[in-house]
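For reference, the chains in residue letters:
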Amino acid sequence: MKYLTALIFGFVFLFGLSFLITPYLNEIYIYYNDIQPGPDGESELFSFFMYVQWPVFFLIGLIVGYLMHIKYL
């Protein structure tokens, strides 16, 4: 049951943090790497989104869900 709780929290954090934090992280990433508008910049930003942000958000949710289950359930 704790793994199911962790999985659910992983998806909740993935969607929640995607809407709350992604715009700020994208602006920082664009500013830091000096990405120009256009197809190349969009593909680089999309790869950052898919391969860095989403896995990190999901792992944070997994960890929080696992710890919540151990502590409160």
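Structural data are supplied above this passage.
In short, a report on the structure. Bear in mind that the values here come from a model prediction, so they are computed numbers and not experimental data. (Residues numbered from 1 in each chain as written. Predicted model: local features only at pLDDT ≥ 70, side-chain atom pairs only at ≥ 80, totals over all residues. Heavy atoms only, no water.)

**Quick look at the overall build of the protein**
Here's step 1: A count of helical and extended segments in the protein gives 3 helices and 0 strands.
Here's step 2: Listed by position from the N terminus, the elements making up the protein come as α-α-α.
Here's step 3: Expected size for 73 residues packed as a compact globule is a radius of gyration near 11 Å; at 15 Å, the protein overshoots this value by more than 25%.
Here's step 4: Along the first, second and third principal axes, the C-alpha atoms of the protein reach 50 × 15 × 15 Å.
Here's step 5: Taking all 73 residues of the protein together, 26% fall into the buried category.
Here's step 6: In the protein, the share of contacts with a sequence separation of at least 24, taken over all contacts with a separation of at least 6, comes to 78%. (Helix = DSSP H or I, 4+ residues; strand = E, 2+ residues; numbered from the N terminus. Rg over C-alpha atoms; globule rule 2.2 N^0.38 Å. Buried < 20%, exposed > 50% of the residue type's maximum accessible area, 1.4 Å probe, protein only. Contact = heavy atoms within 4.5 Å.)

**What to know about the packing of helix α1 (residues 2-20) against helix α3 (residues 39-72)**
Here's step 1: For the pair α1 and α3, interaxial distance at closest approach is 6 Å and the crossing angle is 140°. Viewed along their axes, α1 and α3 adopt a mutual orientation that is oblique. As for how α1 packs across α3, the hand of that crossing is right-handed. Listed contacts from α3 to K2, Y3, T5, A6, L7, F9, G10, F11, F13, L14, L17 and S18 of α1 are W54, F57, F58, I60, G61, L62, V64, G65, Y66, M68 and H69.
Here's step 2: Looking at the contact of α1 with α3 residue by residue, the classes come out as 16 nonpolar, 6 polar and 1 charged. (Axes fitted to C-alpha atoms, helices over the stretch in contact; angles between N-to-C directions. Parallel < 35°, antiparallel > 145°, perpendicular 65-115°, else oblique. Left-handed = near helix turned anticlockwise from the far one by under 90°. Nonpolar A, V, L, I, M, F, W, Y, C, P; charged D, E, K, R; others polar.)

**Things to note about the packing of aromatic side chains**
Here's step 1: Tallying each qualifying case throughout the model produces 5 aromatic pairs.
Here's step 2: Relative to Y66, the ring of Y3 has its centre 6.4 Å away and its plane inclined at 25°; by these criteria the two rings are stacked. Linking Y3 in helix α1 with Y66 in helix α3, this pair joins segments that are 63 residues apart in sequence.
Here's step 3: Accessibility expressed as a relative area gives 60% for Y3, which makes it exposed.
Here's step 4: Overall, Y66 belongs to the partly exposed group, its relative accessible area being 29%.
Here's step 5: Seen in terms of ring centroids, F9 and F13 are 6.4 Å apart; in terms of plane orientation they differ by 40°. Their pairing is tilted. In this pair, F9 and F13 are both assigned in helix α1, 4 residues apart and thus about one turn of the helix distant.
Here's step 6: Assessed through its relative accessible area of 25%, F9 is described here as partly exposed. (Phe/Tyr/Trp six-rings, centres within 6.5 Å; stacked < 30°, edge-to-face > 60°.)

**What about the side chain of H69?**
Here's step 1: Of note, H69 is situated in helix α3.
Here's step 2: Not counting residues up to four positions away in its chain, the partners in contact with H69 are M1, K2 and T5.

**Side note on α1**
Here's step 1: With 19 residues, α1 extends 26 Å from end C-alpha to end C-alpha; this agrees with the ideal 27 Å at 1.5 Å per step.
Here's step 2: On its buried face, α1 is in contact with α2 (22-33) and α3. (Expected span 1.5 Å × (residues − 1).)

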